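The residues making up each chain are set out below.
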Amino acid sequence: MHRRSTKDPATGRPGVAGHLWATLCGLLSGGLTLGVGSLIASFLVRSSDPVLGVGQEFIARTPEWLKEWAIRQFGQSDKAVLLGSLYGTLVLFFVVLGLLARRHLRVALAGVAVLGAAAVGATLNRPDATALSWLPSTVGTVAGALALVLCTRALRRRGRAPAGGTLSRRSVVLGGVAVVAAGSAGAGAAVTSSRSVAKARSEIVLPKPASPAPALPPGIDAVEGITPYVTSAKDFYRVDTALSVPQVDVSSWSLRIHGMVDREVTVTFDDLLAEDLVERWTTMTCVSNEVGGNLVGNARWLGVPLTRLLDRAGLDRDADMLLSRSSDGFTISTPVADATDGRDSMIAVGMNGEPLTDVHGFPARMLVPGLYGYVSACKWITEIEVTRFDRATAYWTDRGWAQKAPIKTAVRIDVPASFGQVRSGATVPVAGVAWAQTRGISRVEVSVDSGPWRTAELLPSVGKNSWVQWTVGLDGLEPGNHTLRARATDGTGQLQTEAVAKPIPDGSSGWPSKLFTVV
């Protein structure tokens, strides 16, 4: 039985069926390129995955204004949006290559090669690159190019044959199976690694702290709609540069302290658990948090005092910076003076009574109260180099952010909701949270429609490193739209600034406001 040609009988040019087969050739090529690369990377380091490597390089080269825009628009979903956009772009790219290969196979192969070279360069440029980081992208590129050649030649033969010549369904099925198998194997290996870490984490029994955190006082969470005093791990904000959450093998993990020290110190996870652990309530804030934003959380952290480990190493008196590195090579610079002034800095191993989750830095992370996370909170930490600011720089300071970034006094309005409606004649509950780590909060005030400031009630808190909830009732509001503003005063008596500032270079500032309606 004769099969139809892929050419239009009137023009002799490829018809719709030919374009569909060419599209499929491009997709098969792309699937093998990415699938094989992902499969091989799963046995090396995750950053050698072609897509992750290119994605991380894109993040590294993205202008700061665009990063801030992405965080504002997509919040903690920014990485999912980036990966989705990247995969969509790659699909379109390989579709174009498949169509191009019908007439210009060499040009299409050059396109595959260029993409492969870009992926190799991106993966080799990663801070945690190894001697084999080039391998996944290279082998994936070769597999994708070979698939494109074989598929395109078969399609050309089909186009020339008036009868009997065809791109067999068997070859298409086998190609599809190869793509799915490679991609599934790579994804399966990643899932297996994640499950392995989850299993190891589930078997960890955290010791009781030698110095426990104070118990929560009665009266917290007293207003409906207010931010809970304790932020759970699943609700705690996540802002970092890792497209794929590092899966660290706790059995082989260690923390090395070196540089301008009297002696190099290396501790394992078991070493940390054997220490006299301390437990502290600490609020953390991301420097990207806008005025009134939600990139802030409060938790009970368990860990080893950082000063104990640093004293064991013996700091050089001229050292003024701690350069910490995570398992994926990311770096953070922390002022020595802030880390060692008695503010409960720690290498944390637990959060709210449980081991750290992988998202929040398992097996260990650094935590320095009172500093924005980008200069204090290295997750998946593996190394602390004691050095100087005039000798070394870190990831974010290389990109224009401030070297020293103490957290600014801030307040947020949780109740009423933005553009919410409240009933006329009833007392309008207003509530929220305020923070000024290491200084505490002494007063919160609210104003309606630029009227007089009214002092809110501060609900119980556990200490100056932890945020405070506040509430006030408003009476006598007329029906219509109203603008509510809030401001806070820290424990030293300093009123937060009204001056509006964007997050870069050292955190946002200004008084938050909300519009609501009395009906």
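Each remark here, short or long, concerns the structure printed above.
Residues numbered from 1 in each chain as written. Predicted model: local features only at pLDDT ≥ 70, side-chain atom pairs only at ≥ 80, totals over all residues. Heavy atoms only, no water.

A.B. asks: Looking at this structure, I do not really get the overall build of the chain. What am I missing?
C.D. replies: Looking only at helices and strands, the chain has ten helices and 19 strands in total. The buried share of the chain, taken over its 519 residues, is 52%. Of the roughly 23,500 Å² of accessible surface on the chain, 57% is carried by carbon and sulfur atoms. (Helix = DSSP H or I, 4+ residues; strand = E, 2+ residues; numbered from the N terminus. Buried < 20%, exposed > 50% of the residue type's maximum accessible area, 1.4 Å probe, protein only. Areas by Shrake-Rupley, 256 points an atom, 1.4 Å probe, with all protein chains shown as cover.)

A.B. asks: Help me out: how do you make sense of the sheet that holds strand β2 (residues 265–268) in this one?
C.D. replies: Across a sheet, paired strands are connected by hydrogen bonds in the backbone, their directions being either parallel or antiparallel. Here we have five strands laid out as an open sheet, ordered β2-β1-β10-β5-β6, and mixed in their pairing. Because the sheet does not close on itself, it has two edges, and the strands there are β2 and β6 (331–335). Shown here is a sheet whose adjacent strand axes are inclined to one another by a mean of 15°, direction ignored. Sheet topology note: the strand β5 (residues 321–326)/β6 ladder contains five bridges and is antiparallel. By the bridge assignment, L322 is partnered in β6 with T334. Across the sheet, helix α9 (residues 306–313) touches β1 (254–259), β2, β5 and β10 (381–387), and the angle it forms with β1 is around 50°. (Pairing = 2+ DSSP bridges. Axes fitted to C-alpha atoms, helices over the stretch in contact; angles between N-to-C directions. Contact = heavy atoms within 4.5 Å.)

A.B. asks: What exactly am I supposed to notice about the packing of helix α2 (residues 50–61) against helix α4 (residues 78–101) here?
C.D. replies: To characterise two packed helices, one gives the angle between the axes of the helices and the distance between these axes. Put simply, α2 and α4 touch, their axes get as near as 11 Å, and they point 120° apart. Considered as vectors, α2 and α4 are oriented oblique to each other. For the pair α2 and α4, the sense of crossing is right-handed. For the pair α2 and α4, the contacting residues are V51, L52, V54, G55, F58 and I59 in the first and L82, L83, L86, Y87 and L90 in the second. Of the residues that constitute the contact of α2 with α4, the class distribution is ten nonpolar, one polar and no charged. (Parallel < 35°, antiparallel > 145°, perpendicular 65-115°, else oblique. Left-handed = near helix turned anticlockwise from the far one by under 90°. Nonpolar A, V, L, I, M, F, W, Y, C, P; charged D, E, K, R; others polar.)

A.B. asks: Quick question: what am I supposed to make of the pairing of strand β19 (residues 513–518) here?
C.D. replies: Note on strand geometry: in a regular strand, side chains alternate between the two faces of the sheet. Of the strand pairs in this sheet, strand β12 (residues 421–422) and β19 are connected by two bridges, and their pairing is parallel. Its bridge partner being in β19, Q421 is matched across the sheet by T517. In the sheet, strand β18 (residues 480–490) pairs with β19 via six bridges, with the strands oriented antiparallel. When the bridges of β19 are listed, L484 appears paired with K514.

A.B. asks: Could you clarify how one ought to interpret the sheet that holds β18 in this entry?
C.D. replies: Taken together, the five strands give an open sheet; going across it, the order is β12-β19-β18-β14-β15, and neighbouring strands pair in mixed fashion. Lying at the two open borders of the sheet, with one neighbouring strand each, are β12 and β15 (454–455). Pairing of strand β14 (residues 441–448) with β18 involves seven bridges; the strand directions are antiparallel. Considered in β18, the bridge of E445 is made with R487.

A.B. asks: Would you take a moment to explain the packing of aromatic side chains for this structure?
C.D. replies: Each aromatic ring pair is summarised here by two numbers: the centre-to-centre distance and the angle between the ring planes. All told, the structure shown has eleven aromatic pairs when counted by the stated rule. When the ring of W453 is compared with that of W511, the centres are 5.3 Å apart and the planes differ by 80°; the resulting orientation is edge-to-face. Taken together, the positions of W453 in the loop between β14 and β15 and W511 in the loop between β18 and β19 put the pair 58 residues apart, joining distant regions of the chain. By way of ring pairs, the aromatic residues F330, Y374, Y395, W396 and W401 are connected into one cluster. One cation-aromatic arrangement involves R399 over Y395; the distance from NZ or CZ to the ring centre is 3.7 Å. Over the ring of W453 we find R487; its NZ or CZ atom is 4.0 Å from the centre of that ring. (Phe/Tyr/Trp six-rings, centres within 6.5 Å; stacked < 30°, edge-to-face > 60°. Lys NZ or Arg CZ within 6 Å of the ring centre and 35° of its normal.)

A.B. asks: What is the right way to look at the side chain of N289 in this model?
C.D. replies: Among the structural elements, N289 can be located in the loop between β3 (278–285) and β4 (296–305). One polar contact links the side chain of N289 to the main-chain amide nitrogen of L295, over a distance of 2.8 Å. In contact with N289, other than residues within four places in its own chain, are N294, L295, W435, P503 and S508. (Polar contact = N/O pair within 3.5 Å; in protein donor to acceptor, adjacent residues only side chain to side chain.)

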